[in-house]
Amino acid sequence: MKKYLSLLWPLYLSWFFWGVSFFFIPIWILFFQSRGLDLAEIGFVMSGTYLASVLLEYPTGIFADKYGRKLSLLLASVIYIISLLVDVTAYSTVQFFIGAFLMGASWAFTSGAKEAIIYDTLKEKKLEKFNSKVLGSLDTIGAVGGIVAALIGSLVFRINETLPYWLSIGTSVLAFMFLFWIKEPKYKEDGQIIEVYKQFKEGLKLALRNPVLLSLFLLCIPLFFFEEAWYNAHQPILVGLGLPVIMLGTYQAVKTILMAIGGIALPKLLDKLNHKVLLITIVFLEAGTWIMLGTDKLYIVIIFSYVLLLIHLLWNYVDADIIHDHISSHVRATTLSARQMLISIIWIFNPWFMGYLMNNFSRTFLFPIFGLIVLLLAMTLFLSRKKYF
């Protein structure tokens with residue numbers, strides 16, 4: 001770990017404080033509800049994040065390759081702080097939607113740039129084989145910060161509903177400051193000029209025509225399409241099953257502890273199992289988890305909500321381990337952003353649709369159906385394209 005920690009220490013520190021900035025995570029749905037929004041309206045609001053991704057994900061990827069990944073991360077941090085300010089002062093669906101759009105814009109500036117700056121920093125020192133381990137250890141560092149935020153967030157929410165957001169804003173400033181110490185790796189040839197239109201075509205072409213990238217993109221759609229139904233409603237679900245509001249912080253803290261452990265343990269599976277075995281394991285786990293989330297037993301729902309998180313983490317590491325060998329450095333951020341843009345186009349109305357379903361149908365009816373759909377569609381795609389994994 002020392003090999004890459006010395007290269008990326010500013011990013012590690014920034015990611016720690018970014019994790020600490022999640023004071024609002026344990027209570028954000030309850031906060032939105034306290035301002036008058038129902039689950040369908042919350043779903044509509046969260047569609048703003050995907051709208052931002054559709055509009056900005058690809059341009060921000062090109063921006064990162066043309067003007068620098070470090071600058072992209074700095075802009076992402078500023079926009080993130082602004083989004084929190086918009087949310088904490090919001091009393092209308094429109095203002096919450098604007099906040100969600102800005103949050104999505106922040107993610108757009110981060111997504112391709114973060115992975116690209118990590119991979120190319122490691123590649124410069126011939127350490128790119130550690131890429132998935134670095135991504136995992138970053139998740140761990142962020143989760144350690146998130147544990148503090150989770151425990152405090154729900155407590156201060158009971159004192160004043162806006163306090164978690166103000167604490168998040170303060171620690172986000174610290175995360176922003178450490179980004180200035182990041183050293184940008186060389187990822188372009190001397191004198192190489194990134195032409196926007198050419199970059200646009202090359203990144204999108206690679207994302208859609210490379211059979212490996214396309215296969216992973218297609219597989220992730222049925223695998224994770226329904227997760228918004230859980231993440232945008234899990235707080236009232238847990239409270240409805242009997243979890244006290246004050247325990248939401250503890251629930252989130254355990255979640256971040258598991259994320260920290262997963263960030264260390266899950267990338268090690270890549271050394272022991274091949275990609276096909278890991279992907280088919282993810283398919284069966286995801287399908288089974290939805291069935292268990294459809295029960296009325298609080299502790300079963302809590303346990304499998306944690307499993308849902310770990311499944312997605314494992315997917316991230318497997319995906320990262322596969323794709324980078326198929327993308328050139330000069331177009332890395334652009335291609336990663338193109339993939340995310342395509343996902344966001346499909347997902348843009350997903351939060352609203354999932355919110356509508358959750359408002360009108362029983363969770364015990366919906367979630368097992370989600371599990372069966374995941375199993376059927378994901379296994380069909382996996383078997384039809386398994387030669388590319």
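Just so it is clear, the model here is predicted, and its values are computed rather than measured. (Residues numbered from 1 in each chain as written. Predicted model: local features only at pLDDT ≥ 70, side-chain atom pairs only at ≥ 80, totals over all residues. Heavy atoms only, no water.)

Draft legend 1. Fine view of the overall build of the chain. Check the secondary structure of the chain and you find 18 helices and 0 strands. In terms of overall size, the chain behaves like a compact globule, its C-alpha atoms giving a radius of gyration of 20 Å where 389 residues would be expected to give roughly 21 Å. Dimensions of the chain, computed from C-alpha atoms along their principal axes, come out at roughly 60 × 45 × 40 Å. The buried share among the 389 residues of the chain stands at 56%. Long-range contacts, defined as pairs at least 24 residues apart, comprise 85% of the intrachain contacts of the chain with a sequence gap of at least 6. Of the roughly 16,300 Å² of accessible surface on the chain, a fraction of 70% belongs to carbon and sulfur atoms. When the 31 positive and 24 negative side-chain charges of the chain are each reduced to one mean point, those points stand 7 Å apart. (Helix = DSSP H or I, 4+ residues; strand = E, 2+ residues; numbered from the N terminus. Rg over C-alpha atoms; globule rule 2.2 N^0.38 Å. Buried < 20%, exposed > 50% of the residue type's maximum accessible area, 1.4 Å probe, protein only. Contact = heavy atoms within 4.5 Å. Areas by Shrake-Rupley, 256 points an atom, 1.4 Å probe, with all protein chains shown as cover. Lys, Arg positive; Asp, Glu negative; His and termini not counted. Charge placed at Lys NZ, Arg CZ, Asp CG, Glu CD.)

Draft legend 2. Broad picture of the pattern of salt bridges. The final tally for this structure, using the stated rule, is 6 salt bridges. Taking the shortest distance from any N to any O, the salt bridge between Lys-133 and Asp-271 comes out at 3.0 Å. Residue Lys-133 is found in helix α6 (residues 131-159), and its partner Asp-271 is found in helix α13 (residues 269-272); the two are separated by 138 residues along the sequence. By relative accessible area, which is 28% here, Lys-133 ends up partly exposed. Asp-319 is the salt-bridge partner of Arg-339, the closest N and O atoms lying 2.9 Å from each other. Residue Arg-339 is found in helix α16 (residues 332-347), and its partner Asp-319 is found in helix α15 (residues 298-323); the two are separated by 20 residues along the sequence. (Salt bridge = Lys/Arg side-chain N within 4 Å of Asp/Glu carboxyl O.)

Draft legend 3. Local environment of α16. In a regular helix each residue adds 1.5 Å, so 16 residues correspond to 22 Å; α16 covers 23 Å between its end C-alpha atoms and thus fits that length. Extensive coverage of α16 is indicated by the burial of 13 of its 16 residues. (Expected span 1.5 Å × (residues − 1).)

Draft legend 4. Fine view of a nonpolar patch on the surface. Taken together, the side chains of Phe-44, Trp-352, Phe-353, Tyr-356, Phe-361, Phe-365, Ile-369, Ile-373, Leu-376 and Leu-377 make up a nonpolar region of the molecular surface, amounting to roughly 920 Å² of accessible area. Broken down by element, the nonpolar patch gets its largest block of residues, 5 residues, from helix α18 (residues 363-385). Mapped onto the fold, Phe-365 is located in helix α18. Exposure remark for Phe-365: the relative accessible area of 46% places this residue in the partly exposed category. (Patch = residues over 30% accessible without salt bridge, like charges linked within 9 Å, V, L, I, M, F, W, Y side chains within 5 Å.)

Draft legend 5. Expanded view of the side chain of Thr-110. Within the fold, Thr-110 resides in helix α5 (residues 93-124). Taking the relative accessible area as the measure of exposure, Thr-110 reaches 17% and is therefore buried. From its side chain, Thr-110 meets the backbone oxygen of Ser-106 in a polar contact 2.9 Å long. Setting aside chain neighbours within four positions, we find Thr-110 in contact with Trp-15, Leu-73 and Ala-76. (Polar contact = N/O pair within 3.5 Å; in protein donor to acceptor, adjacent residues only side chain to side chain.)

Draft legend 6. Inspection of the environment of Lys-386 at higher detail. Along the chain, the position of Lys-386 falls in the segment after α18. Through-space distance from the C-alpha of Lys-386 to that of Ile-152 is 45 Å; in sequence the pair is 234 residues apart.

Draft legend 7. Focus on the packing of helix α4 (residues 69-88) against α5. Running from N to C, α4 and α5 cross one another at 160 degrees; their axes reach a closest spacing of 8 Å. Between α4 and α5, the crossing angle belongs to the class labelled roughly antiparallel. Taken as a pair, α4 and α5 cross one another with a handedness that is left-handed. Residue composition of the contact of α4 with α5, grouped by class: 18 nonpolar, 6 polar and 5 charged. (Axes fitted to C-alpha atoms, helices over the stretch in contact; angles between N-to-C directions. Parallel < 35°, antiparallel > 145°, perpendicular 65-115°, else oblique. Left-handed = near helix turned anticlockwise from the far one by under 90°. Nonpolar A, V, L, I, M, F, W, Y, C, P; charged D, E, K, R; others polar.)

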